[in-house]
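Here is how the chains run, residue by residue.
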Amino acid sequence: MSATDLLARSLSKVRELVSASPRARDLSDRDITRLRQQLQECAESRGGEVSTRQRAARLAEAYLRLNDNGRRRFLLMIALEFGPDPARVAKAHEAYQAAVGSPGQWDAEARLRGAMRSRRLRILTQFNAIPQGVKFLVDLRADLLRYLPDEPLLKPLDRELENRLTAWFDVGFLELKRITWQSPAALLEKLVQYEAVHEIRSWDDLKNRLDSDRRCYAFFHPRMPLEPLIFVQVALVDALADDVQKLLDINAPLADANRATTAIFYSISATQDGLRGVSFGNFLLKRVVEDLQRDFPKLKTFSTLSPIPGLMSWVRRNPADAASVFTEADRKRLAATGIEGNVESVWTRLSSDGSWAAEKGLARALRDPLLRLAAHYLLNARRDDKPVDPVARFHLGNGARVERLNWLADTSAKGFGQSLGIMVNYLYDPDRIESNVEAFSSEGEVDAAAAVRRMARQP
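Quick word on the side chain of Gln38
- Following the sequence through the fold, Gln38 ends up in helix α2 (residues 29-43).
- Every residue in contact with Gln38, bar those within four places of it in the chain, is listed here: Arg55 and Leu59.

Here is the structure:
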């Protein structure tokens, strides 16, 4: 067995031991001294290639064996002690300024660039070179992101790691693959684990989502072959979907995919917390559309059936703004159902279990104002001149249009709790995607169907 294989097995074994045992430990002062020396050697790339990889693998093993506090101290040591040397940077900058306009300017520029190169970056590059090193770094950044709110001194390390991951996970390196029921069991288990929109409740549920009238696609990195980075689930149907329960019904009859005219992206899940800020979701949807058009020429409509995850949290933060969508006629109809007083009292009446939806009179009285509320939220609620809702930002930033709002489209507890059961169709029109992306990125302009715009106007 080669040294590379031995390292891979060693790191895998450590992961298994750490996940199976709670006995991870903190760093002692002696540990810190030893690890500082090893990190110094790693930053200086001492020895040949094999010894360098072995050293990085030992450091990775040491990190995986630590508890949360130990990992935080480990990362702080890298962040604070292995940055650029300020004196060297200052000297190189002075030499560069003196050389500007002379034949030696470009050599001085190269020396300045070298002086600014962080030793942190060299350590990260060594980790990347070991077997399973890419996954190790992705998980390490997930730790960093958890620690950052309380440890702002970690920000330089996080910034450098994010930049490296952005380069290593460039879409040109990623592979688009279709996941089927015949895919490896380990990969299917990852789908169940990572599904973030509509929980996969059983193997029958998963099999239904991978049947012949469905498609599931994911991006993979060559160094993480069984770790989907982001995946999308697609239903092939004959009309714009308005009820996610119907799409997820395992007893529904199988549709003829070859006669489908509409592809519904009903779940998109990013799987790696450590890749936050590394964007490739837009490329995934474009590639999937191309793949579907090739396999099913009758497909003309490409749309999502998406949650509105931030609606109710926004309502709780902005009760007066939310109440402004209710007209006097709405208030009278609500009063007739027994809801008296201020409209703000509506939110306490609408329990997250959705039992209110079974009261037909109340549901009828709420339908129009709550749809107006959802339209107002999607089109007008802003942060940094972009929609505050994260799913809206994703799809609108990728060129979609807010096409239609769907009343009681998700009657799960999660659907009621997040958005009162309302879902939205984002339509991807190939003829408008590029112009929509440009208008959204430059002006924050949101493309929306006329009916949605009418609902979003203040009454």
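Past the structure itself, the notes keep going.
Overview of the packing of aromatic side chains
- Applying the stated criterion across every chain, the model contains 9 aromatic pairs.
- Taking the centre distance of 6.5 Å and the plane angle of 75 degrees together, the rings of Phe265 and Tyr428 count as edge-to-face. Of the two residues, Phe265 is situated in strand β4 (residues 262-270) and Tyr428 in the loop between β9 (423-427) and α21 (433-443); the sequence distance between them amounts to 163 residues.
- One aromatic cluster is present, formed by Tyr63, Phe74, Phe127 and Phe136 through successive ring pairs.
- Over the aromatic face of Phe283 sits the side chain of Lys286, whose NZ or CZ is 5.8 Å from the ring centroid.
- The ring centre of Phe440 lies 5.4 Å from the NZ or CZ of Lys386, which sits over that ring.

Considerations on the side chain of Arg209
- Tracing the backbone shows Arg209 in helix α11 (residues 203-209).
- In this structure Arg209 touches Glu195, His198, Glu199, Ile200, Arg214, Gln233, Leu248 and Tyr266, once residues within four positions along its chain are discounted.

Here we look at the pairing of strand β2 (residues 214-220)
- Burial of β2 is extensive: 7 of the 7 residues sit out of reach of the surface.
- The two faces of β2 match: Arg214, Cys216, Ala218 and Phe220 on one face and Arg215, Tyr217 and Phe219 on the other face are all buried.
- Pairing geometry for strand β1 (residues 175-178) and β2, over 4 bridges, is antiparallel. Paired with Glu175 across the strands is Phe220, a residue of β2.

Quick word on the pairing of β9
- With 5 of 5 residues buried, β9 is to be regarded as a mostly interior element.
- Neither face of β9 is open: one carries Met423, Asn425 and Leu427, the other Val424 and Tyr426, and all of them are buried.
- Both strand β8 (residues 401-406) and β9 contribute to a ladder of 5 bridges, which runs antiparallel. Opposite Leu405, over in β9, you have Val424 as the bridge partner.

Cut-offs and rules
- Residues numbered from 1 in each chain as written.
- Predicted model: local features only at pLDDT ≥ 70, side-chain atom pairs only at ≥ 80, totals over all residues.
- Heavy atoms only, no water.
- Helix = DSSP H or I, 4+ residues; strand = E, 2+ residues; numbered from the N terminus.
- Contact = heavy atoms within 4.5 Å.
- Phe/Tyr/Trp six-rings, centres within 6.5 Å; stacked < 30°, edge-to-face > 60°.
- Lys NZ or Arg CZ within 6 Å of the ring centre and 35° of its normal.
- Buried < 20%, exposed > 50% of the residue type's maximum accessible area, 1.4 Å probe, protein only.
- Pairing = 2+ DSSP bridges.

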